[in-house]
Structure formats: C-alpha cells, structure tokens
Amino acid sequence: MPIQPVLAHYGVELNSGRWGEEDVCCPVHGDRRPSMRANAEKAFFFCHSCEAKGTALNLIMLMEGCDRAD
C-alpha cells in the first residue's frame with residue numbers, strides 16, 4: 001500500500017525527497033518541526049520523537065486508534 005495518499009489524508013505532503021526519503025511533521029503527535037522520516041519508495045515511516053513507525057496501515061491504525069481487525 002503506498003504511503004503518500006495516507007500521509008496526504010492526514011495533512012502531510014511529501015515532496016520529492018532524496019532517494020524517496022523526506023523529513024516531515026509527524027501527524028501522530030502533531031509536532032511543529034519535522035521529526036518523522038517518510039520513505040515513499042519503501043512505503044515506510046519512523047518518527048524520531050514519538051517512535052511511531054511502520055507502513056501506511058500502521059499509520060492509519062495509530063491515527064484512528066484502532067487495530068488491524070477494525
């Protein structure tokens with residue numbers, strides 16, 4: 001599952017970062033300075049501040065407060 005549309009849904013736009021990676025503001029904990037690294041090519045993210053990480057599905061589960069079964 002591509003991560004760009006999921007990030008865009010939560011208000012995070014990816015530009016064409018180097019090697020598909022970009023530092024952006026984390027929608028999980030709502031920071032003001034970019035602390036999350038998103039990789040569009042690998043469809044993966046990791047926040048250095050709140051340590052949220054995973055794929056697009058993990059981001060949806062974190063943002064919506066649900067688990068995979070929901």
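Residues numbered from 1 in each chain as written. Predicted model: local features only at pLDDT ≥ 70, side-chain atom pairs only at ≥ 80, totals over all residues. Heavy atoms only, no water.

Focus: the side chain of Asp31
Within the secondary structure, Asp31 is located in the loop between strand E1 (21-24) and strand E2 (36-39). Within the structure, the side chain of Asp31 is placed 2.8 Å from the backbone nitrogen of Cys26, a separation counted as a polar contact. A distance of 2.2 Å separates the side chain of Asp31 from the side chain of Ser35, its partner in a polar contact. For Asp31, the contacting residues outside a window of four places in its chain are Cys25 and Cys26. (Helix = DSSP H or I, 4+ residues; strand = E, 2+ residues; numbered from the N terminus. Polar contact = N/O pair within 3.5 Å; in protein donor to acceptor, adjacent residues only side chain to side chain. Contact = heavy atoms within 4.5 Å.)

A closer look at the nonpolar core
Counting 16 residues, the largest nonpolar core has Ile3, Leu7, Val24, Met36, Phe45 and Leu59 as the members making the most contacts within it. Leaving out residues up to four positions away in the same chain, Leu59 has contacts with Val6, Leu7, Tyr10, Pro27, Val28 and Phe45. (Core = buried A, V, L, I, M, F, W, Y, C linked by side-chain atoms within 4.5 Å. Buried < 20%, exposed > 50% of the residue type's maximum accessible area, 1.4 Å probe, protein only.)

Any functional reading would require information beyond the geometric quantities listed.
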